[in-house]
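Single-letter residue listing:
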Amino acid sequence: MSADALLLDATFTITATEQKKYDRVARITGEREDLKFLLDINCEIYQVHPGDNVQLCIASTLSLDGTIESQEEFKKRGGWRDTRAGEATLADSFDYVCHGKVYRFEESASGEQIKVYASFGGLLLFIEGPHKRLSPLKHDYIYLLMKK
């Protein structure tokens with residue numbers, strides 16, 4: 001996999017889960033020493049609990065050779081699940097995969113911290129941490145991948 005395609009790869013400890021508003025959606029909170037995130041997940045297909053450790057990756061492509069396809073190619077193919085005949089992808093190594101759009105960045109006054117907001121079909125991600133770690137996320141479309 002191309003190093004440029006993997007934008008973030010970190011292990012977090014789940015500190016909280018909340019399932020109040022929707023039947024199949026839970027908002028999880030994860031932390032590590034330098035990063036913190038909130039993420040809405042479909043808890044019917046992927047369940048996590050406080051105390052679980054999860055690997056969270058954000059990538060610009062699922063292609064193992066790092067090839068980034070245009071949104072037109074993505075739509076023409078029918079989405080991330082429709083791979084070319086038998087082609088292995090980064091998604092094969094993870095339990096939970098989403099495709100979405102980064103829609104907002106907020107930098108702190110000092111410029112050292114950054115907040116990134118993304119939407120995966122209405123399931124939201126908020127991640128906060130050092131500018132150095134999160135500035136690679138300045139992509140329009142991303143893939144979120146998780147596994148325990």
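The paragraphs below set out a description of the structure included in this document. These numbers come from a predicted model, not from an experiment. (Residues numbered from 1 in each chain as written. Predicted model: local features only at pLDDT ≥ 70, side-chain atom pairs only at ≥ 80, totals over all residues. Heavy atoms only, no water.)

Broken down by element type, the chain carries 2 helices and 8 strands. In the chain, the succession of α and β elements from N to C terminus is β-β-β-β-α-β-β-β-α-β. Buried residues in the chain amount to 41% of all 148 residues. Look at the contacts in the chain between residues 6 or more apart in sequence, and 61% of them connect residues 24 or more apart. Entry remark: accessible area of the chain is about 8,300 Å², with carbon and sulfur atoms responsible for 46%. (Helix = DSSP H or I, 4+ residues; strand = E, 2+ residues; numbered from the N terminus. Buried < 20%, exposed > 50% of the residue type's maximum accessible area, 1.4 Å probe, protein only. Contact = heavy atoms within 4.5 Å. Areas by Shrake-Rupley, 256 points an atom, 1.4 Å probe, with all protein chains shown as cover.)

This part takes up the layout of surface pockets. Roughly 240 Å³ of volume is contained in the largest pocket. Lining the largest pocket we find E18, Q19, K20, K21, Y22, V25, A26, R27, D40, G122, L123 and L124. Those elements that place two or more of their residues in the lining of the largest pocket are β2 (25-31) and β7 (123-130). In terms of residue count, β2 provides more of the lining of the largest pocket than any other element does, 3 residues in total. A per-class count over the lining of the largest pocket returns 5 nonpolar, 2 polar and 5 charged. (1 Å grid on protein atoms, 1.4 Å probe; cavity = no way out; pocket = protein on both sides within 12 Å on 5 of 7 lines; lining within 4 Å. Points joined across faces, edges and corners; volume = space filled by probe spheres on them. Nonpolar A, V, L, I, M, F, W, Y, C, P; charged D, E, K, R; others polar.)

Taken as a whole, this structure holds 8 salt bridges when the rule is applied. Between K36 and E128 there is a salt bridge whose closest N-O contact spans 3.8 Å. Of the two residues, K36 sits in strand β3 (residues 36-42) while E128 sits in strand β7, which places them 92 residues apart along the sequence. The salt bridge involving K138 is made with E107; its shortest N-O contact spans 3.5 Å. Highlighted residues: K138 in the loop between α2 (131-134) and β8 (141-147) and E107 in strand β5 (residues 96-107), separated in sequence by 31 residues. A residue is classified by how much of its surface remains accessible, and E107, at 46% relative accessible area, is partly exposed. Through salt bridges with shared partners, a single ionic network connects R32, E33, D34 and R133. (Salt bridge = Lys/Arg side-chain N within 4 Å of Asp/Glu carboxyl O.)

Okay, the side chain of D40 next. Relative to the helices and strands, D40 is located in strand β3. Among the polar contacts listed, one links the side chain of D40 to the side chain of R27, at a separation of 2.7 Å. Contacts of D40, omitting those with residues within four sequence positions, involve V25, A26, R27, Y96, G122, L123 and L124. (Polar contact = N/O pair within 3.5 Å; in protein donor to acceptor, adjacent residues only side chain to side chain.)

This part is about the packing of aromatic side chains. The full count for this structure, using the stated rule, is 4 aromatic pairs. Seen from their ring centres, F12 and F37 are 4.8 Å apart, and the 85 degrees between their planes marks the pair as edge-to-face. Of this pair, F12 sits in strand β1 (residues 6-18) while F37 is found in strand β3, placing the two residues 25 residues apart along the sequence. When sorted by exposure, F12 lands in the same class as F37, which is buried. Taking 5.2 Å as the distance between ring centres and 45 degrees as the angle between the ring planes, the aromatic pair formed by Y117 and F126 counts as tilted. (Phe/Tyr/Trp six-rings, centres within 6.5 Å; stacked < 30°, edge-to-face > 60°.)

It is worth spelling out the sheet that holds β8 at this point. Two orientations exist for strands paired in a sheet by backbone hydrogen bonds: parallel and antiparallel. The strand order around the closed barrel formed by 8 strands is β1-β2-β3-β7-β6-β5-β8-β4, and the pairing between neighbours is antiparallel. Averaged over all pairs of adjacent strands, the angle between strand axes in this sheet comes to 35 degrees, irrespective of strand direction. When β1 meets strand β4 (residues 53-59), the two strands line up antiparallel, connected through 7 bridges. Bridged to T13 within β4 is N53. (Pairing = 2+ DSSP bridges. Axes fitted to C-alpha atoms, helices over the stretch in contact; angles between N-to-C directions.)

By themselves these figures say nothing about function.
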